[in-house]
Amino acid sequence: MFKLLDKIPWDKIKKEILESTTRFPLSILCGIALAILYYLTIHKYYPWIEFEKYIFTLQIALPIFISAQLIHETYFKEKKLLIYAVSVLLLLLYFFFIYNIEYKDWNYIKFLTILIVAHSSVSFVGFYKEKNNAGIYNFNLHLLQQVIIGGFYCACIVIGINGAILAIDTLFKGEFNHNIYIDTFIITLFLFHPIYFTSQIPNFDELNQEEPQGNKFIEILVKFLFIPFSIIYFLILYAYGIKLLIDWELPIGWISKLCIGFSAIGIITYVLNTAYKNSKNNYHKNYSSYFFWSLIPVIILHFIGIFYRIDEYGFTEFRYIIALLAIGLSLLTIYFLRSKKLLIKTMPVLFSIMGLLIVIGPWNAHQISLYSQASRFENQLLKQNLVVDSKIDISKLNMMDDSVKKELFDNLQFFISRKNTTKIDQFFPNELVEKTIDYKYDYSSVHPYSKFVDSLGYHDSHLYNEQYVWINDEHYLNEIIELKSYSKCIPFDLEDQTTNEQINIKNKYLVYNKSDSIPVIELLLSNNINLEGSNTAKMKLKCNIQQTGALLILKDKNKSAKNMIGNGADAVAINKKVADQLSGADFDGDTVM
C-alpha cells in the first residue's frame, strides 16, 4: 500500500498546484468561494436567494479571470493590474446592473448567456491578432482534452469518496447527513477541477503555431462518433423538410430547437475535424468540404419554423434567442463558403457578440419581447374594436366570445409574469394603473388588470387564490410559522402526481371545487415542495412533489377535516419519514417536543 503511494508523482502534483495558484490566483479563489457558498445553501444555513447573486457573479468571474490572465500574458505584459481592473469592473457591472431578481426566468437567461460568453472568451482572447488556425486549434484542442480528463478524474473522486461514505454509513450506522454526498461533488467541482484545469493551460510560446495537431483519441471520436451522428441528425431534418413539402405544411415550433442543436453538433465536429481535413482519408476531407453547404437547407427550415411562430404569437425571450441564432448561423455559413482565408476563431467571436446582444442594450431579448407583445396586445384590442377613448371598454369585452377573451387574457399574463405592465398601462383605467404602483407581484393575490379583463371569471384557471399562501422552503427557512390561526392538522402522503380536480390523500380524496371546497391555507412538505400554481374559482391545487410526508393545516370550520380527525385536540401530526429525521422519535408511544 505504502509502496503504491510512493509511486505517486507528488513533486509534479505540488508543482502543478503551485503553478496554478500563482498563475490564476483569482480564479482559484472564486472556486473556493463558490464551494463555501454552495455548502452554506445546501445545508440550509442561508436561503439560496440570499447568495444567488454572489454565486452567479463568482461563476462568471472564474472564466473571466482566466481570460484576463491570458490577455496579460499575450498582449499586455506590462499592464496586468489594468487588465484585472477592467475584469473586476465588468463583474461589478453584472452584479449591480445586469443581475435582477424581479423576473427569474430572464435573470437565468442572462446568467447562462453571459456564463457561456465568458467561457467562450477563454478560447480566443489570446489569439485575436492571429491570422492562422494552428495556434487557436491546438490551444482549444488541448483545453478540450483537459476538460474531459478533469471531468473523468472528478467523477472517479466523487464516486470513490461517496462509495466509502456509503459503506461506513451502512456498516457502522454512521448516520451521515445525506447532503455529504453533494458536498463531495461541490468540493471536487469547484476546488479540484479549477486547480487541475488551470494547471494544464499551456503557455502560448509552447504551442505549435504552424500546423493543427490532432491526436488518435480525437480522430477516433470524430471518425466513428461525431461525423456519423452529424450525418444522421441532418438526414432526419432533411426527411422532415421533404415531408413538409409533400404535405405542404408549415413546420412545428419545436423544429427550430432541433435545427440549433443539430447545427451545434455539426459545427463542433467541423472544428475538431480541422486537423484531419487535409489527410488522405476522403472521409474527413469530404465532411469539411461539404458541411456548410449541407447546413443551408437546415437554416432555411430553421427560419421558416421560428419566424412562423413569431408572426403568429410575437417575440418572447426564447424566440428572440432562436431567431438571432438563425441569423448567426446564416452569417457563419456565408463566411465559410465565401471567404478564402478561414479563421476558426470567427465562430466563438461571432456567437459571443450575439450573446452580448441578447442580454445588453435596448435591443436585448427582454425589451424586444415586451415591445412585441405590447404591439400584439394593442392590435388585438383594435381588431375587436374594444378601445374607447384610448381605454378598454369592459362592456364590449364582456360581449366577446370566450376565444377573444382568452387570447387577451393570455397576452396580459405575459406582462404580469414578467412584473412589468408599463407598456400596456395606457389601455386600462387610471384608478387601476394607480393600484399597480403598490402591487406586490406574488402568487397570493390577483393582479388588478387580471380582475378587470376577466371580471366574469371565464379564465380563472390562470389566476391565484387569495386564500392560498405562496410558500417555499427558502421563505420559511429561518422563520417561525405561527399556527395559532389554525386548529387542526392532517398527516398525509402526496403521490408524485397531480390532477386538476383532486389530490389523493391516503386513499381518500379531498375534492377542490367551488361549492364544497377545503380552505387550504398552507401546505408544508418537509422543506421539499414547490407550489407551481393555485387557482381561484374552482380552487384547484397544482404541486410539484419532490418527497412524500407533509402536513396539511386546515381551519376548524372544515367539515372534511373534522370527519377525518374527529374531535381531537390541536396537534401537529407527522408521518414516519419525518419522524425518522427527529432524534429519538419513533412510533412506540413516545412524546416528542
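What you see is a predicted model; the values in this text were computed from it and never measured.

Cut-offs and rules
Residues numbered from 1 in each chain as written. Predicted model: local features only at pLDDT ≥ 70, side-chain atom pairs only at ≥ 80, totals over all residues. Heavy atoms only, no water. Helix = DSSP H or I, 4+ residues; strand = E, 2+ residues; numbered from the N terminus. Buried < 20%, exposed > 50% of the residue type's maximum accessible area, 1.4 Å probe, protein only. Contact = heavy atoms within 4.5 Å. Areas by Shrake-Rupley, 256 points an atom, 1.4 Å probe, with all protein chains shown as cover. Axes fitted to C-alpha atoms, helices over the stretch in contact; angles between N-to-C directions. Parallel < 35°, antiparallel > 145°, perpendicular 65-115°, else oblique. Left-handed = near helix turned anticlockwise from the far one by under 90°. Nonpolar A, V, L, I, M, F, W, Y, C, P; charged D, E, K, R; others polar. Core = buried A, V, L, I, M, F, W, Y, C linked by side-chain atoms within 4.5 Å. Salt bridge = Lys/Arg side-chain N within 4 Å of Asp/Glu carboxyl O. Polar contact = N/O pair within 3.5 Å; in protein donor to acceptor, adjacent residues only side chain to side chain. Patch = residues over 30% accessible without salt bridge, like charges linked within 9 Å, V, L, I, M, F, W, Y side chains within 5 Å. Expected span 1.5 Å × (residues − 1). Phe/Tyr/Trp six-rings, centres within 6.5 Å; stacked < 30°, edge-to-face > 60°. Disulfide = S-S within 2.5 Å. pLDDT = per-residue confidence, 0-100.

We now examine the overall build of the chain. Looking only at helices and strands, the chain features 20 helices and nine strands. Taking all 593 residues of the chain together, 43% fall into the buried category. Long-range pairs, those at least 24 residues apart, make up 71% of the contacts in the chain with a sequence separation of at least 6. Carbon together with sulfur atoms contributes 61% to the accessible area of the chain, which is approximately 33,200 Å² in total.

We now examine the packing of helix α4 (residues 48–74) against helix α6 (residues 104–124). Running from amino to carboxyl end, α4 crosses α6 at an angle of 15 degrees, the nearest separation of the two axes being 8 Å. If you check the angle between α4 and α6, you find them roughly parallel. Relative to α6, the crossing made by α4 is left-handed. Here α4 contributes Glu52, Phe56, Gln59, Ile60, Pro63, Ile64, Ile66, Ser67 and Leu70 to the contact with α6, which in turn contributes Asn107, Tyr108, Phe111, Ile114, Leu115, Ala118, His119, Ser121 and Val122. Its residues assigned to classes, the contact of α4 with α6 comprises twelve nonpolar, five polar and one charged.

So, on to the packing of helix α3 (residues 25–42) against helix α8 (residues 180–199). Where α3 meets α8, the closest approach of the two axes is 9 Å, and the angle between their N-to-C directions is 175 degrees. Put simply, α3 runs roughly antiparallel to α8. Facing α3, whose interface residues are Ile28, Gly31, Ile32, Leu34, Ala35, Tyr38, Tyr39 and Ile42, α8 presents Ile182, Asp183, Ile186, Phe190, Leu191, Pro194, Ile195 and Thr198. Residues of the contact of α3 with α8, tallied by class, amount to 13 nonpolar, two polar and one charged.

Our next topic: the nonpolar core. Counting residues in each nonpolar core, the largest one holds 81 residues, and the members touching the most others are Ile60 and Leu70. Within the second largest apolar cluster, 21 residues are counted, among which are Leu370, Ile416, Leu432 and Tyr449.

On to the pattern of salt bridges, then. Per the counting criterion, the structure on display carries five salt bridges. Arg23 is the partner of Glu73 in a salt bridge, and the nearest nitrogen-oxygen pair spans 2.7 Å. Of this pair, Glu73 sits in helix α4 while Arg23 sits in helix α2 (residues 10–23), and the two are 50 residues apart along the sequence. Residue class for Arg23 comes out buried when judged on its relative accessible area of 13%. Note that Lys243 is salt-bridged to Asp247, the shortest N-O span being 3.3 Å. Placement of both Lys243 and Asp247 in helix α9 (residues 216–247) is noted, with a separation of four residues, approximately one turn of the helix. On the accessibility criterion, Lys243 (41% relative accessible area) is partly exposed.

Attention now moves to the side chain of Lys345. As for its position among the elements, Lys345 is in the loop between α12 (317–338) and α13 (346–359). You can call Lys345 buried: its relative accessible area is 13%. Here the side chain of Lys345 touches Phe127 through a polar contact of 2.8 Å, landing on its backbone oxygen. If near-sequence neighbours (up to four positions away) are discounted, Lys345 is found in contact with Phe124, Phe127, Tyr128, Lys129, Glu130 and Ile136.

This part takes up a nonpolar patch on the surface. On the surface, Leu82, Val86, Val88, Leu90, Leu92, Leu93, Phe96 and Phe97 cluster together into a nonpolar patch covering about 780 Å² of accessible area. Along the chain, Leu93 falls in helix α5 (residues 80–98). On the basis of relative accessible area, Leu93 is assigned to the partly exposed category, the value being 40%.

A rise of 1.5 Å per residue sets the reference length of α3, with its 18 residues, at 26 Å; its end C-alpha atoms lie 26 Å apart and thus fit the reference within 8%. Looking at the buried positions of α3, the neighbouring elements they touch are α2, α4 and α8. Downstream of α3 by one or two residues, Lys44 has phi in the positive range, about 65 degrees.

Turning our eyes to something else, we now look at the packing of aromatic side chains. All chains considered together, the criterion is met by 34 aromatic pairs. Ring centres of Tyr46 and Phe51 lie 5.2 Å apart, and the angle between their planes is 50 degrees; this geometry places the pair in the tilted category. Ring geometry for Phe65 versus Tyr84: centroids 6.0 Å apart, planes at 25 degrees, classification stacked. One end of the pair, Phe65, is in helix α4; the other, Tyr84, is in helix α5, and 19 residues separate them in sequence. Tyr84 carries the same exposure label as Phe65, and that label is buried.

Take unusual backbone geometry next. The backbone of Asp389 shows a phi angle near 55 degrees, a positive value even though the residue is not glycine. Despite not being glycine, Lys419 shows a phi value in the positive range, around 55 degrees. Mapped onto the elements of the fold, Lys419 is located in the loop between α16 (402–417) and α17 (430–437).

Turning our attention to the state of the cysteines. One pass over the structure, following the stated rule, counts zero disulfides. Cysteine Cys154 shares no disulfide, and the gap to the nearest cysteine sulfur, in Cys156, comes to 9.4 Å.

Further remarks concern the confidence of the model for the chain. Keep in mind that low pLDDT regions are not for reading the predicted coordinates in detail. Here the chain averages 76 in pLDDT, and 74% of its residues register 70 or above. Per-element averaging of pLDDT across the chain places strand β5 (residues 508–511) at the bottom with 30 and α3 at the top with 95. Predicted confidence is poor over residues 458–562, with pLDDT under 50, and the contacts of this stretch with residues over four places away or in other chains come to 236 contacts. Note on residues 568–575: pLDDT is under 50 here. Beyond four places in sequence and across chains, it has 23 contacts.

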